[in-house]
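Tertiary structure, described
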Amino acid sequence: GPLDLVLVTEWATPLEARWDVPAIAGRLARLGSFARVISFDKRGVGLSDRVGAPPTVEATAEDLTTAMDAAGCERVLLSRSGSTGCAAAAAPCAR
(Lines give C-alpha, C1' and ligand atoms only; values in the text may rest on other atoms or scores of the structure.)
Protein backbone atom coordinates (compact mmCIF):
# COMPACT_ATOMS: atom_id res chain seq x y z
CA GLY A 1 0.00 0.00 0.00
CA PRO A 2 0.92 3.64 0.02
CA LEU A 3 1.97 3.49 3.67
CA ASP A 4 4.78 1.58 5.37
CA LEU A 5 4.18 0.80 9.02
CA VAL A 6 7.49 0.09 10.74
CA LEU A 7 7.08 -1.73 14.05
CA VAL A 8 9.97 -1.06 16.38
CA THR A 9 9.24 -3.26 19.36
CA GLU A 10 10.73 -4.88 22.41
CA TRP A 11 8.62 -8.02 22.05
CA ALA A 12 10.25 -11.09 23.54
CA THR A 13 8.97 -13.13 20.60
CA PRO A 14 11.50 -13.23 17.74
CA LEU A 15 10.35 -12.01 14.32
CA GLU A 16 10.39 -15.49 12.83
CA ALA A 17 8.01 -16.86 15.51
CA ARG A 18 5.47 -14.02 15.71
CA TRP A 19 3.03 -15.61 13.26
CA ASP A 20 2.86 -18.62 15.59
CA VAL A 21 1.43 -16.52 18.44
CA PRO A 22 -2.30 -15.98 17.74
CA ALA A 23 -2.55 -12.58 19.47
CA ILE A 24 0.47 -11.22 17.60
CA ALA A 25 -0.55 -12.81 14.29
CA GLY A 26 -4.01 -11.24 14.56
CA ARG A 27 -2.52 -7.83 15.25
CA LEU A 28 -0.11 -8.12 12.31
CA ALA A 29 -2.91 -9.22 10.00
CA ARG A 30 -5.07 -6.25 11.00
CA LEU A 31 -2.18 -3.84 10.51
CA GLY A 32 -1.37 -5.46 7.16
CA SER A 33 -4.88 -4.72 5.93
CA PHE A 34 -4.00 -1.04 5.46
CA ALA A 35 -0.19 -0.87 5.31
CA ARG A 36 2.93 -2.78 4.42
CA VAL A 37 4.12 -3.94 7.84
CA ILE A 38 7.86 -4.01 8.47
CA SER A 39 9.01 -5.39 11.82
CA PHE A 40 12.37 -4.29 13.18
CA ASP A 41 14.35 -6.01 15.91
CA LYS A 42 17.30 -4.14 17.28
CA ARG A 43 20.83 -5.46 17.02
CA GLY A 44 21.39 -8.55 19.17
CA VAL A 45 17.72 -9.62 19.18
CA GLY A 46 16.09 -12.36 17.12
CA LEU A 47 18.13 -13.70 14.21
CA SER A 48 20.85 -11.05 14.37
CA ASP A 49 24.27 -11.81 15.78
CA ARG A 50 24.66 -11.34 19.52
CA VAL A 51 26.49 -8.22 20.61
CA GLY A 52 28.65 -7.69 23.69
CA ALA A 53 26.97 -4.53 24.90
CA PRO A 54 23.51 -3.17 24.13
CA PRO A 55 23.57 -0.93 21.05
CA THR A 56 23.44 2.81 21.59
CA VAL A 57 20.40 4.84 20.59
CA GLU A 58 22.45 6.29 17.72
CA ALA A 59 23.49 2.83 16.46
CA THR A 60 19.90 1.59 16.64
CA ALA A 61 18.67 4.69 14.78
CA GLU A 62 21.28 4.06 12.08
CA ASP A 63 20.24 0.38 11.84
CA LEU A 64 16.60 1.38 11.58
CA THR A 65 17.32 3.94 8.86
CA THR A 66 19.35 1.34 6.95
CA ALA A 67 16.49 -1.18 7.20
CA MET A 68 13.93 1.39 6.00
CA ASP A 69 16.16 2.36 3.08
CA ALA A 70 16.71 -1.32 2.15
CA ALA A 71 12.93 -1.87 2.18
CA GLY A 72 12.42 1.15 -0.06
CA CYS A 73 10.32 3.02 2.50
CA GLU A 74 9.13 6.44 1.42
CA ARG A 75 6.02 7.22 3.47
CA VAL A 76 6.57 5.77 6.94
CA LEU A 77 4.55 5.53 10.10
CA LEU A 78 6.70 4.38 13.03
CA SER A 79 5.14 2.44 15.87
CA ARG A 80 7.50 1.88 18.75
CA SER A 81 7.71 0.53 22.25
CA GLY A 82 10.30 0.19 24.97
CA SER A 83 13.78 1.66 24.91
CA THR A 84 14.00 1.17 21.15
CA GLY A 85 11.43 3.96 20.90
CA CYS A 86 14.17 6.58 21.29
CA ALA A 87 15.86 5.25 18.16
CA ALA A 88 12.55 5.23 16.33
CA ALA A 89 12.16 8.90 17.14
CA ALA A 90 15.70 9.71 16.00
CA ALA A 91 15.76 7.65 12.78
CA PRO A 92 13.58 9.94 10.64
CA CYS A 93 15.86 12.84 11.53
CA ALA A 94 18.74 10.94 9.95
CA ARG A 95 16.83 10.57 6.67
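Structure shown above.
Definitions and cut-offs
- Residues numbered from 1 in each chain as written.
- Predicted model: local features only at pLDDT ≥ 70, side-chain atom pairs only at ≥ 80, totals over all residues.
- Heavy atoms only, no water.
- Helix = DSSP H or I, 4+ residues; strand = E, 2+ residues; numbered from the N terminus.
- Buried < 20%, exposed > 50% of the residue type's maximum accessible area, 1.4 Å probe, protein only.
- Areas by Shrake-Rupley, 256 points an atom, 1.4 Å probe, with all protein chains shown as cover.
- Pairing = 2+ DSSP bridges.
- Axes fitted to C-alpha atoms, helices over the stretch in contact; angles between N-to-C directions.
- Contact = heavy atoms within 4.5 Å.
- Expected span 1.5 Å × (residues − 1).
- Salt bridge = Lys/Arg side-chain N within 4 Å of Asp/Glu carboxyl O.
- Arc of directions from axis to C-beta.

**Focus: the overall build of the protein**
Along the protein, the regular secondary structure elements total three helices and three strands. For the protein, the succession of helices and strands along the chain, N to C, is β-α-β-α-β-α. Counting all 95 residues of the protein, 35% fall into the buried class. Carbon and sulfur atoms make up 57% of the accessible area of the protein, which totals about 5600 Å².

**What about the sheet that holds strand β3 (residues 76-80)?**
Strand order in this open sheet of three strands is β2-β1-β3, and the pairing throughout is parallel. Each of the sheet's edge strands pairs with one partner strand only, and the pair in question is β2 (36-40) and β3. Averaged over all pairs of adjacent strands, the angle between strand axes in this sheet comes to 20 degrees, irrespective of strand direction. Both strand β1 (residues 4-8) and β2 contribute to a ladder of five bridges, which runs parallel. Residue V6 lies in a different strand from β2, and its bridge partner there is I38. Those strands touched by helix α2 (residues 57-70) are β1, β2 and β3, and its axis lies near 150 degrees from that of β2.

**Some remarks on α2**
Working note: α-helix, 3.6 residues per turn, so residues spaced by three or four point in the same direction. In this model, α2 (14 residues) spans 20 Å end to end at C-alpha, consistent with the 20 Å of a helix rising 1.5 Å per residue. Of the residues one or two after α2, G72 is the one with positive phi, at around 75 degrees.

**Quick word on the pattern of salt bridges**
The final tally for this structure, using the stated rule, is two salt bridges. As a salt-bridge pair, D4 and R36 come within 2.7 Å of each other at their nearest N and O atoms. Here the residue D4 occupies a position in strand β1, and R36 occupies one in strand β2, the gap between them amounting to 32 residues. We classify R36 as partly exposed; its relative accessible area is 34%.

**Looking at helix α1 (residues 22-32)**
Among the residues of α1, those classed as buried are I24, A25, L28 and L31. An end-on view of α1 places all buried positions within 130 degrees of arc, on one side of the element. Those residues of α1 that are exposed and aimed more than 90 degrees away from the buried face are P22, A23 and R30. Buried residues in α1 make contact with β1 and β2.

**Comments concerning the environment of T60**
Here T60 lies in helix α2. On the basis of relative accessible area, T60 is assigned to the buried category, the value being 3%. In sequence terms T60 and K42 are 18 residues apart; their C-alpha atoms lie 6.3 Å from each other.

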